[in-house]
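Here's the letter readout for the chains.
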Amino acid sequence: DSGVTQTPKHLITATGQRVTLRCSPRSGDLSVYWYQQSLDQGLQFLIQYYNGEERAKGNILERFSAQQFPDLHSELNLSSLELGDSALYFCASSTSVGYGYTFGSGTRLTVV
Amino acid sequence: ILNVEQSPQSLHVQEGDSTNFTCSFPSSNFYALHWYRWETAKSPEALFVMTLNGDEKKKGRISATLNTKEGYSYLYIKGSQPEDSATYLCAFMNRDDKIIFGKGTRLHILP
C-alpha cells in the first residue's frame, strides 16, 4: 500500500455518461497529480493541485475537470465520455513540487 | 514542444549482466528529473529524484546520473536479477511546473 488511495479500481460506463474518480493523497502530501495512461501511450499529465489550488495543467480535455478539497482529497470528473477516454487513470501525490511522486493503484475506466 | 525520449524502448538482458538505458530531455528551464520503476499490474514507484547537474544517485544495484547541460540521464542496473524486470520511466519537470513522462524502457531479465 503506497498510501495513495484511488477509488473505484474499475469502472465501466456508457458513452455520453459522466463519472467521478476519487483520490486520497498520502498523509502529509499537499500536491495531487492526475495522469492518464491509454493503450501504447505513456503517462499523460492531466492536472496538478497544490493545497486546494490548481497549480499546473497538462493535456486535459475541456470535458474533464478536477478539484482538490480542504481535506486534500481530489476528484477527477469526466463527462460526455467517449470510447477514446477508456484508459487507466492514476493519481499521485507528493510533499511539494520537485519531490518524487507516490502513485495510487489507478482506476481503470472502460467506456462502452 | 517539450519532449522526453527514453531508449531503448525494450531491452532483454541475461540474468547477472549489467545494463543501462537513457532518458533525454530538454536542456533548458530544468528543475528536476525523476526515475520510476513500474512493475506490471502495480503502480509506478519512485527510484530517484535528481536536481543538480552531475548528480549521481544509488539505491542498491541501481544507480543514475544526470547531465542537465546536455539533457540526458542514465539509469544503470548492475548484476540484473529477475525482480528487476519492469518498465523504467523518467519524468522531466521544468521551472514552469510542466511535468512530462517518457514512454519508458521495458526491461526483461532472462533466466
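Now for a quick tour of the structure. (Residues numbered from 1 in each chain as written. Chains lettered and ligands numbered in written order. Predicted model: local features only at pLDDT ≥ 70, side-chain atom pairs only at ≥ 80, totals over all residues. Heavy atoms only, no water.)

1. With respect to unusual backbone geometry
Omega for the bond connecting Thr7(A) with Pro8(A) falls within 30 degrees of zero, at -10°, which places this linkage in the cis form. Residue position: Pro8(A) is located in the loop between β1 (5-7) and β2 (10-13). Omega for the peptide link from Ser7(B) to Pro8(B) comes to -5°, which places this bond in the cis form. By the element assignment, Pro8(B) lies in the loop between β1 (5-7) and β2 (10-14). Here the phi dihedral of Asn51(A) falls at roughly 50°; this positive angle occurs in a residue that is not glycine. Taking the relative accessible area as the measure of exposure, Asn51(A) reaches 47% and is therefore partly exposed. Notably, Ser80(A) is not glycine yet its phi reads approximately 45°, a positive angle. With respect to the secondary-structure elements, Ser80(A) resides in the loop between β8 (74-78) and β9 (87-94). (Helix = DSSP H or I, 4+ residues; strand = E, 2+ residues; numbered from the N terminus. Buried < 20%, exposed > 50% of the residue type's maximum accessible area, 1.4 Å probe, protein only.)

2. Quick look at the state of the cysteines
On inspection of all chains with the given rule, the structure shows 2 disulfides over all chains. Across the disulfide, Cys23(A) is cross-linked to Cys91(A) (sulfur-sulfur distance 1.8 Å). Measuring the twist about the S-S bond at about -50°, one finds the Cys23(A)-Cys91(A) disulfide to be left-handed. Of this pair, Cys23(A) sits in strand β3 (residues 19-24) while Cys91(A) sits in strand β9, and the two are 68 residues apart along the sequence. Judged by relative accessible area, which is 0%, Cys91(A) ranks as buried. Between Cys23(B) and Cys90(B) runs a disulfide, and the two sulfur atoms are separated by 2.0 Å. Disulfide Cys23(B)-Cys90(B): the torsion about the S-S bond is 75°, which places it as right-handed. Of the two residues, Cys23(B) is situated in strand β3 (residues 19-24) and Cys90(B) in strand β9 (residues 86-94); the sequence distance between them amounts to 67 residues. Residue class for Cys90(B) comes out buried when judged on its relative accessible area of 0%. (Disulfide = S-S within 2.5 Å.)

3. Notes on the pattern of salt bridges
Residues and elements named next belong to chain B. Applying the stated rule across the entire model yields 7 salt bridges over all chains. Measuring nitrogen to oxygen at the nearest pair gives 3.7 Å for the salt bridge that ties Glu39 to Lys42. Between Asp84 and Arg61 there is a salt bridge whose closest N-O contact spans 2.8 Å. Placement of the pair is Asp84 in the loop between β8 (72-77) and β9 and Arg61 in the loop between β6 (56-59) and β7 (62-67), with a sequence separation of 23 residues. According to the relative accessible area criterion, Arg61 is partly exposed, its value standing at 33%. (Salt bridge = Lys/Arg side-chain N within 4 Å of Asp/Glu carboxyl O.)

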